[in-house]
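The chain contents come next:
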Amino acid sequence: MVGTDPTTGVICVGVDGADRLVARLDAELDRSSVGAVRSPSALDDRSLGADARLVAVVGEDALAVDAVERLADRDPPVVAFVPPSEGLADAALAAGATDVVTAAGPDRFPVLAHRLETVGLDPDTGRSDRATTAEFEALTNNDSFAILTVDAESRVQYASPATGDIFGYEPAALEGEPLTTIMPERFHDAHHEGVAAYLASGERSLDWSWVELPGRHRDGTEVPLGISFGDTVTDDGHLFSAVVRDMRDQREREARLDRLATAVEASMDGVALLDADGRYEYVNAAHAAVYGYDDPAALEGEHWRTLYDEAEVERLEAEVLPTVDDDGEWRGELTGRRADGSTFPQEISLTRLDDGGLVCVVRDITDRVRRREELRTERRFVESILDALPDAFYVLGLDGTFQRWNDELNAVTGYSDAELDGMDALDVIPQSDRDRVGAAIAAVLHEQETQTVESALLTKRGEEIPHEFSGSPLHDADGAVTGLVGIGRDVSAKRLREQRLSVLSRVLRHNVRNRTTVIRGRARQVAEAVADPDLTDALDVVDQSAAALESTSEHARLAERLLRDRETERRPIDLCRVVADALGATDTTGIDVTTDLPDAATAVATPHVRHAVAELVANARRHVDAPTARIAVTATDERVRIRVEDDGPGIPAHEREAVRSEEETPLDHGTGIGLWLVTWITNDAGGTLAFEESSLGGAAVVLSFPAASDRGN
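Structure report, in brief. (Residues numbered from 1 in each chain as written. Predicted model: local features only at pLDDT ≥ 70, side-chain atom pairs only at ≥ 80, totals over all residues. Heavy atoms only, no water.)

Description of helix 19 (residues 575–584)
Listing the buried residues of helix 19 in full gives Leu575, Cys576, Val578, Val579 and Ala582. Buried residues of helix 19, viewed axially, fall in a sector of 160°; they line one side. Opposite the buried face of helix 19, at more than 90 degrees from it, the exposed residues are Arg577 and Gly584. On its buried side, helix 19 packs onto strand 21 (571–574), strand 23 (602–605), helix 20 (609–621), strand 24 (628–635), strand 25 (639–646) and strand 27 (699–706). Capping the start of helix 19 is the job of one residue whose side-chain oxygen sits 3.1 Å from the backbone nitrogen of cysteine 576: aspartate 574. (Buried < 20%, exposed > 50% of the residue type's maximum accessible area, 1.4 Å probe, protein only. Helix = DSSP H or I, 4+ residues; strand = E, 2+ residues; numbered from the N terminus. Arc of directions from axis to C-beta. Contact = heavy atoms within 4.5 Å. Polar contact = N/O pair within 3.5 Å; in protein donor to acceptor, adjacent residues only side chain to side chain.)

Have a look at this one:
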């Protein structure tokens, strides 16, 4: 006997589940003590006790009916708590049970407690009304379900507080109202017919132990419900009771599970469940397909080892599964084997379940692995190109340290890879240049400006090698700056070459100017001292040749100065203003110059274009005593053109061809550098040079430049 004493209020009789039932009824019946006996034969006056009021019978079919028969002639009412076997409830009632509750459904214990309270309300049993009322209130105040009591006319006699949460009505407002108030209209007729039929014949048209039906909320919406029914006959007539549970949360959980199941079935990833022995219990279509199976059922019941070769099986058993046992999960890459025996790379995730099974998610990563190999090949190709560069290549991080470099940087600095890794880039710059180079690096990283700066490169041995460094911002896929990519070029030879050219040019210009001055002076002196016409003519030729040589020297000096000028950058500039400046700075004495200029014509060029225009105007006077020159500026949306034409002898074809091909040859060379100077200035300013027919009969040279967006402003 378990927990019996002479004052037991409820005694449970049976062999299966008695202990559990005692515990549940102890919780449900607030003030009633609960005990149990193993079999009906153990029931006697002592076990029932003088205060025993209710008896619940549990067990197999025969046991239940036998227990009811043994207790039927006693005073305590008998509530049979029986399995949902066909005919068992009727057999229990025939044996003398006061009421029957089916031991099925999630609300079977609250329903049983309610029935026990209901049949125990007889004041003649000797139990206090206060105790009974308190226990009933404890039951009905449970907010996990509602309790309704309805009379034979289907009018609500009692509604527990939870009714308001489920149906939206205050409990008192429902009392006296027809039960159809909280039923969808389509069930009204069936309800009335079912109640009438039951009262007339005692036959139930549905399962009273648990049935799912919709209810009607006060706002008109339908509420899914789970309902257990019971009835009893009192002095006031037939009463029906119902324990009603709101199923909305359960329905939502079921809907979420349905959506999850649908998502799993439709997933592009393979999803499978394995039991504790490693055999497939569930396989979605994607999981089967990734292993080359058309039907998921072909894998169900198979062991996972069939999908891997021997080496991978050993790895899984030695490394992967022990990790799953320890950590509960594992994710990584494996090589799977398809149904046809071919293998493929896969990414797989394994998660341990509470019952020892596994959730397996697998994805074919053949394309990813192929792309990874392509990237490796591409990286090796790029690195081979970078290492073949004659210049030092490097990548700096946001902190200005070396992150990547080519072999040339190792060679020129003398540092190893280990030494360069993480080294501050300014450590290979002489102290005197660090502020300037550091500012250029900051401008690239923070202002996203491309920078070019000249500085010496400081080697590991302390040597300083002149270099030109060019740096640009390095961006990630989102456009954020992640570092600096740069090139360092050794300019030692360039500087030496420029130095030599500068010395030679300076010496040449100085000597030519001095010698031509002497030659012209002496020629005039001799011409004034002699009266021989032939000698005077010869001396004039000498003077003209010296003047031409002096002019060539001046052109060379101008060309060198302009081409060395690195401060002038291409920008929007008014070419009409450029023409005016050129004419203002040119000696046009003896030249008939006319212009055809709009108010403004803005192009992208440099101010040096004025020297090209001045040279073309001055060139007209070198060949004609009183030349005529015409300058016109025209503009379109794309180009701005300066056309300079004269009435001179024109430009020889071999000179035009020389500047057009930009190559001097022994057979085709210009007689001076004036046209070369115009060509260099035009090209350096971003323009083009062309030759056209002149309406004046001489040369027509056209300089064309890109139009600026703000042209005419």
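Here the narrative resumes, following the displayed structure.
Topic: the pattern of salt bridges
If you walk through the whole model with that rule in mind, you get 22 salt bridges. Close ionic contact of arginine 376 with glutamate 373 constitutes a salt bridge, the shortest N to O distance being 3.2 Å. Note that arginine 376 and glutamate 373 are positioned in helix 13 (residues 366–388) at a spacing of 3 residues, about one turn of the helix. A salt bridge links glutamate 692 to arginine 641, with the nearest nitrogen and oxygen atoms 2.9 Å apart. Here the residue glutamate 692 occupies a position in strand 26 (residues 688–693), and arginine 641 occupies one in strand 25, the gap between them amounting to 51 residues. You can call arginine 641 partly exposed: its relative accessible area is 31%. (Salt bridge = Lys/Arg side-chain N within 4 Å of Asp/Glu carboxyl O.)

Brief notes about unusual backbone geometry
In the Ramachandran plot, serine 154 falls in the positive-phi region, its phi being about 60° despite a non-glycine side chain. Within the fold, serine 154 resides in the loop between strand 6 (146–151) and strand 7 (156–159). The backbone phi angle of glutamine 448 is positive, close to 55°, even though this residue is not glycine. Topologically, glutamine 448 is positioned in the loop between helix 16 (434–447) and strand 18 (451–458). Given the relative accessible area of 46%, glutamine 448 is considered partly exposed.

Some points on helix 16
The end-to-end C-alpha distance of helix 16 is 19 Å, a good match for the 20 Å that 14 residues give at a rise of 1.5 Å each. Buried within helix 16 we find Val437, Ala440, Ile441, Ala443, Val444 and Leu445. In this structure, the buried residues of helix 16 make contact with strand 16 (392–396), strand 18, strand 19 (464–475) and strand 20 (481–490). Phi for glutamine 448, located one or two positions after helix 16, is positive at around 55°. (Expected span 1.5 Å × (residues − 1).)

Let's talk about the nonpolar core
If you look at the biggest cluster of nonpolar residues, it comprises 33 residues, and the most contacted ones within it are Leu575, Val609, Ile642, Leu703 and Phe705. When contributions to this core are tallied by element, the ones reaching two or more residues are helix 19, strand 23, helix 20, strand 24, strand 25, helix 22 (674–684) and strand 27. It is helix 20 that provides the largest number of residues to this core, a total of 6 residues. Non-local contacts of phenylalanine 705, meaning those with residues more than four positions away in its chain, are made with Leu575, Ala603, Val604, Ala605, Val609, Glu638, Arg639, Val640, Thr682, Ala685, Gly686 and Gly687. Judged by nonpolar contacts, the second largest core, of 24 residues, contains Tyr280, Leu316, Val324 and Leu334. (Core = buried A, V, L, I, M, F, W, Y, C linked by side-chain atoms within 4.5 Å.)

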